[in-house]
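Per-entry structural report
As a plain string of letters, each chain reads:
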Amino acid sequence: MNSIHLNQALPQVFAGRDNVVSNVWQRDVAFLKGRRYLIEAASGTGKSSLCSYIYGYRRDYKGLIDFDGQDIRRLSTRQWVTVRERSLSILFQDLRIFPELTSMENVLLKNRLTGHKTKEEINTLFETMGIADKTDEKAGKLSFGQQQRVAFIRSLCQPFDFILLDEPVSHLDDANGAVMSRLLEEEARRQGAGILVTSIGKHLKLDYDTILKL
């Protein structure tokens, strides 16, 4: 996948409003592989909705979203499985961590599907993110910031052309945020991937090509 294109997209809940001022909604916007994008947003402007639309599990929007010219509403279930396994990764704002599983089990659920990382590489990611001592601990017992790091590691355990990160450092200090930025840059560069980061204030420190206001 080389591009994600939004053409006059708008959450249906915003339809009829005449006060929507945005660089994304109701615009013609293309996100290109290999580039870094920051989407700054105030609370309630549809930041998480945007990620949900691109990832394909919500369709309550007007306008068009396409991958390389193909309307994503026309993708079959099988096509979506392939997209999410090979082309599109996501770090959800609410993380989608399984609390009854250990941190490592949460990560391995993804990696067993993709075979993208070796166990040694995964252990190194845990160590680099400062949670090597949490691999065998139930994820539900971790702090939100620790869970955020687990979910981030999981998001790297697949090939991708684009990675979406919805408020990825909301509960991290600057030092851990800097480590996350470095690992993300390294993985995206290795895969030639595009990065889309959303933020309502604090954000990953990357060399962004484009900053958009939602």
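One can find the structure itself at the top, above this paragraph.
Residues numbered from 1 in each chain as written. Predicted model: local features only at pLDDT ≥ 70, side-chain atom pairs only at ≥ 80, totals over all residues. Heavy atoms only, no water.

So, the overall build of the protein chain
The helix and strand tally for the protein chain stands at six helices and nine strands. Relative to the compact-globule value of 17 Å for 214 residues, the protein chain shows a C-alpha radius of gyration of 17 Å, a close match. Once the C-alpha set of the protein chain is aligned to its principal axes, its extents read approximately 50 × 35 × 30 Å. Out of the 214 residues in the protein chain, the part that is buried amounts to 54%. Restricting the contact set of the protein chain to residue pairs at least 6 apart, pairs at least 24 apart contribute 74%. Total accessible area on the protein chain stands at roughly 10,100 Å², and carbon and sulfur atoms take up 47% of it. Counting 30 positive and 27 negative side-chain charges, the protein chain places the averaged centre of each group 4 Å from the other. (Helix = DSSP H or I, 4+ residues; strand = E, 2+ residues; numbered from the N terminus. Rg over C-alpha atoms; globule rule 2.2 N^0.38 Å. Buried < 20%, exposed > 50% of the residue type's maximum accessible area, 1.4 Å probe, protein only. Contact = heavy atoms within 4.5 Å. Areas by Shrake-Rupley, 256 points an atom, 1.4 Å probe, with all protein chains shown as cover. Lys, Arg positive; Asp, Glu negative; His and termini not counted. Charge placed at Lys NZ, Arg CZ, Asp CG, Glu CD.)

Looking at the packing of aromatic side chains
Under the criterion given, the structure shown has six aromatic pairs. Pairing Phe31 with Tyr37 gives two aromatic rings, centres 5.0 Å apart and planes at 85 degrees, and the pair type is edge-to-face. The class for Phe31 is buried, based on a relative accessible area of 0%. For Tyr37, a relative accessible area of 4% translates into the label buried. Members of the aromatic cluster, each reached through a chain of ring pairs, are Trp25, Tyr53 and Tyr61. Positioned over the ring face of Tyr61 is Arg73, at 3.9 Å from the centre of the ring. A cation over an aromatic ring shows up here: Arg96 above the ring of Phe92, its NZ or CZ 4.3 Å from the ring centre. (Phe/Tyr/Trp six-rings, centres within 6.5 Å; stacked < 30°, edge-to-face > 60°. Lys NZ or Arg CZ within 6 Å of the ring centre and 35° of its normal.)

The values reported here are purely geometric and, on their own, carry no functional implication.
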